Number of protein chains: 2
Amino acid sequence: MRYLDYSEAELKAELAALNGACEAFRKKGLKLDMSRGVPAKAQLDLSLPMLTDLQTAEDCISETGTDYRNYGILDGIPEAKKLFADLLDVKPENVIVCGSSSLNIMYDTVARNMLYGVCGSEPWCRLPEVKFLAPVPGYDRHFAVCQSLGIKLIPVPMTKTGPDMDIVEKLVAEDESIKGIWCVPKFSNPDGTVYSDETVRRFAGLKAKAKDFRIFWDNAYIIHTLYPDCPEIPNILKEAEKAGNPDIAYVFTSTSKITFPGAGVAVVASSDANIAHIKSAMKFQTIGFDKLNQLRHVKFFKDVDGLKAQMQKHADILRPKFECVLNAFRKELTGLGIAEWSEPRGGYFISLNVLPGTAKRVWDLMVSMGVKLTGAGATFPYGVDPEDKNLRIAPSFPTVENLSLAVEALCLAVRTAAVEKLLADK
Amino acid sequence: MRYLDYSEAELKAELAALNGACEAFRKKGLKLDMSRGVPAKAQLDLSLPMLTDLQTAEDCISETGTDYRNYGILDGIPEAKKLFADLLDVKPENVIVCGSSSLNIMYDTVARNMLYGVCGSEPWCRLPEVKFLAPVPGYDRHFAVCQSLGIKLIPVPMTKTGPDMDIVEKLVAEDESIKGIWCVPKFSNPDGTVYSDETVRRFAGLKAKAKDFRIFWDNAYIIHTLYPDCPEIPNILKEAEKAGNPDIAYVFTSTSKITFPGAGVAVVASSDANIAHIKSAMKFQTIGFDKLNQLRHVKFFKDVDGLKAQMQKHADILRPKFECVLNAFRKELTGLGIAEWSEPRGGYFISLNVLPGTAKRVWDLMVSMGVKLTGAGATFPYGVDPEDKNLRIAPSFPTVENLSLAVEALCLAVRTAAVEKLLADK
């Protein structure tokens, strides 16, 4: 029976019961941070052999005799470019392998376009206004890059197949001040949505009014499946080339959630023109990124099959956690008419939509029960969820045991906040 | 006898002899790149034990239980902050430990000030003109950062005690568009000059018209002595605080020439206000730099004494190379009135001033004899040495045997170009 159909008396009784359950839960003294998508220790242990890949001078020298301990090689060691080119299905010359953070590459790419323009365009910092489209719900750190640089974010709703492309196409065709869009095409953050082939092709064919419009294609979860299979999406760079739009996208990915978040390798791939433009500015920025860590990754994985095999080991650790959360949602929240959630097949998050107007209250209740979730509103630009309903659940870090407790609390909180709201609205 | 006092006939005879010697040298088929200050293989081997510092999960976890393989810690692991704070004689909270490139931190610091301003000032990218002072001869990559960002460089002559402070003080007091100056205070690039105590204190007390003026204090060679002793200079940050000028300087250094240029650790230190401002923007840029590589460095060196002991091993490798070059200069170039050179006690370079108007010719002659030097003009903004006389010699990479050959060629080239010039001027 849906809470909406409860009488005031029934709601009051339900609230009393829920309050009691919350109070009982508080006595457990749980203390858990689930605010970010952080791998668990067991996942980090999967990459321990990588630490001892390089031990001798010979280990650090390439087949062609280059000593990777020394200076040089701006765009990444050839072995790493090959590995990530194969992963991204592009040519090695269209890949730049950088340091440990793809967020840093994305930030640098926006900052570079602010300071230098894009392939000859006016630097964005000289324009009266710069806007980016922000599919919502989305990734708070994407939004924060723009906000910090004074770039205005325009929300675009996510659908089951990716961002609403009718809106995207209309906005970018009309408004020359729109210079970019943030996309997480596979297992999107937080919905876990995999963009449909049509969505990818419509992105590839996007006719933007601004010549310096770019898609920031953050393929963070490219092989981060929870199940033996991993969905494939069309290659945005190849599709863009086919569509006569070769320079429309930058593609980013990293090994943060493949090896070590604290010591991974991140890459950007794009068209010849975009890569040349990036390098033309990057050469002033550094002599080169950490080549030994790039080499460690290559020696550990050898090839894309090595990467994929590693992801199956991650999946075996992550899958029970996602299923723990989803099973609890199904059991505790189905039929009440107060919650919907995504059932992702990969990535790091479950998106939970609670009764509009109660997400912040749920977050507060969770804090009171010892669990810190990602801030309510974080999945929207400026931290403002207009309906106050979306919560991002990050099941990766806790043990299954702790996660069961946390999700028990979460279901209590979602129900309590809903009943409180319905009572207040009576 | 000075070449200037040679008769035309004597010059012609000298030229014929020199041309013959150059031609004979070309037959040796030497092929050597001395264009950059690159450590030799033997120096890289000194840090090999660092590669196996971290082998187990336990190795990667701090005393307080933080797993450095995972996300987090924007400003560097506490152990690394302590090590570099001790090296720089500042408090750990005034240090940020980043990735492998101090050039990248310097670039980011300039770019950040362009995009965000400095501690509340107008972003530099919105100003009609931004200028930096460039002590000359200086480091080409410093100049290139500014040039790439459209910042105008104003050369300031170097003296035996550092940049000409009368000029520096006058310019920064007068011109609000001057926002920075590049300094290499110890074993400057390329002169090897150690700033005098007075120079450091005058920098610390600098009264700039622009409130957002900053000194970019690149202490790249802080402990990079060639001899058992290492000169000490006053601490710019402490002196600045004493002078009521606490926020005037950013201090940079790195382990590029202590451990591995291709996999080191770089740091920035500054006042509370500057560090807070850097972090306020940096938090949008990355979640954190490579923490495992920071930890490798700490485990390898343990403390500042460990760093200094390592530098004595470097000195033992580098000293014979510097002395090889200097001995040849003394033997082959003394008394001809066509060359002056620095005799550095540390750092990576020897600065050679040849007969004005001949540096480019010397460079070309060196190429013809199989040796690539740093480009003539590279030590000046925009690559233009107004007197065409300065050459930067980088003795670190070649073997002593190859270096002896290269410097033999160099002395021939310097003499040949001088005689050619004097004959042309007759």
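Preceding block: the structure.
Residues numbered from 1 in each chain as written. Chains lettered and ligands numbered in written order. Predicted model: local features only at pLDDT ≥ 70, side-chain atom pairs only at ≥ 80, totals over all residues. Heavy atoms only, no water.

When you look at the relation of the copies chain A and chain B in this model, what are you seeing that I'm missing?
Two copies of one chain are present, and they are related through a rotation about an axis combined with an axial shift. For the pair chain A and chain B, the superposition axis carries a translation of 0.0 Å, the fit reaches an RMSD of 0.0 Å, and the rotation angle comes to 180°. Within this description, the copies of the chain are treated as partners about a two-fold rotation axis. Among all residues of chain A, the one whose C-alpha sits closest to the rotation axis is threonine 52 of chain A, at a distance of 3.2 Å. In this assembly the copies share their binding face: 100% of the residues contributing to the interface of chain A also contribute to that of chain B. (Least-squares fit on C-alpha atoms with pLDDT ≥ 70 in both. Contact = heavy atoms within 4.5 Å.)

Looking at this model, I keep getting lost on the nonpolar core. Mind explaining?
Soluble, globular proteins show a tendency: their nonpolar side chains are buried together. One finds Phe203, Ile215 and Trp217 of chain A together with Phe203, Ile215 and Trp217 of chain B to be the most contacted residues of the largest nonpolar core, which totals 120 residues. Filtering out sequence-adjacent residues up to four positions away, phenylalanine 203 of chain B remains in contact with Pro163, Met165, Val168, Ile181, Cys183, Tyr195, Ile215, Trp217, Ile236 and Ile248 of chain B. The next biggest cluster of nonpolar side chains, apart from the first, holds 76 residues, and it includes Cys125, Phe132 and Val136 of chain A together with Tyr107 of chain B. (Core = buried A, V, L, I, M, F, W, Y, C linked by side-chain atoms within 4.5 Å. Buried < 20%, exposed > 50% of the residue type's maximum accessible area, 1.4 Å probe, protein only.)

Sorry, what's going on with the pattern of salt bridges here?
Side chains that carry opposite charge are capable of pairing whenever their charged atoms lie near each other. Counted by the stated rule, this structure contains 58 salt bridges over all chains. When the shortest N-O distance is used, the salt bridge between arginine 126 of chain A and glutamate 122 of chain A registers 3.8 Å. In this structure arginine 126 of chain A comes out as exposed when scored by relative accessible area, which is 55%. Assessed through its relative accessible area of 41%, glutamate 122 of chain A is described here as partly exposed. The shortest N-O distance in the salt bridge between arginine 415 of chain B and glutamate 14 of chain B comes to 2.8 Å. Of this pair, arginine 415 of chain B sits in helix α13 (residues 400-425) while glutamate 14 of chain B sits in helix α1 (residues 8-26); the two residues are 401 residues apart in sequence, bridging distant segments of the chain. Of the two residues examined, arginine 415 of chain B and glutamate 14 of chain B, each falls in the buried class. Salt bridges sharing partners connect three or more residues here, namely Glu14, Lys331, Glu332 and Arg415 of chain A. (Salt bridge = Lys/Arg side-chain N within 4 Å of Asp/Glu carboxyl O. Helix = DSSP H or I, 4+ residues; strand = E, 2+ residues; numbered from the N terminus.)

What exactly am I supposed to notice about the sheet that holds strand β9 (residues 266-269) of chain B here?
Remark on secondary structure: sheet strands pair via backbone hydrogen bonds, oriented parallel or antiparallel. Residues and elements named next belong to chain B. Judged by pairing direction, the sheet is mixed, and its eight strands sit side by side in the order β2-β9-β8-β7-β6-β3-β4-β5 without closing on themselves. For this open sheet the edge positions go to β2 (95-97) and β5 (162-163), each flanked by a neighbour on one side alone. Two strands pair when backbone bridges link them, and strand β4 (residues 152-159) and β5 are joined in this way by two bridges, in the antiparallel orientation. Looking at β5, one finds that threonine 159 is bridged to glycine 162. Along the sheet, helix α5 (residues 140-148) makes contact with β3 (131-136), β4, β6 (178-183) and β7 (214-218), crossing β3 at roughly 160°. (Pairing = 2+ DSSP bridges. Axes fitted to C-alpha atoms, helices over the stretch in contact; angles between N-to-C directions.)

Got a minute to help me understand the side chain of aspartate 67 of chain B in this structure?
Checked against the element boundaries, aspartate 67 of chain B lands in the loop between α2 (41-45) and α3 (78-88). Residue aspartate 67 of chain B is classed as buried on the basis of its relative accessible area, which comes to 14%. Among the polar contacts made by the side chain of aspartate 67 of chain B, one reaches the side chain of arginine 69 of chain B at a distance of 2.8 Å. Ignoring anything within four residues of it in the chain, the contact list for aspartate 67 of chain B reads Lys41 and Leu44 of chain A together with Cys60 and Ile61 of chain B. (Polar contact = N/O pair within 3.5 Å; in protein donor to acceptor, adjacent residues only side chain to side chain.)

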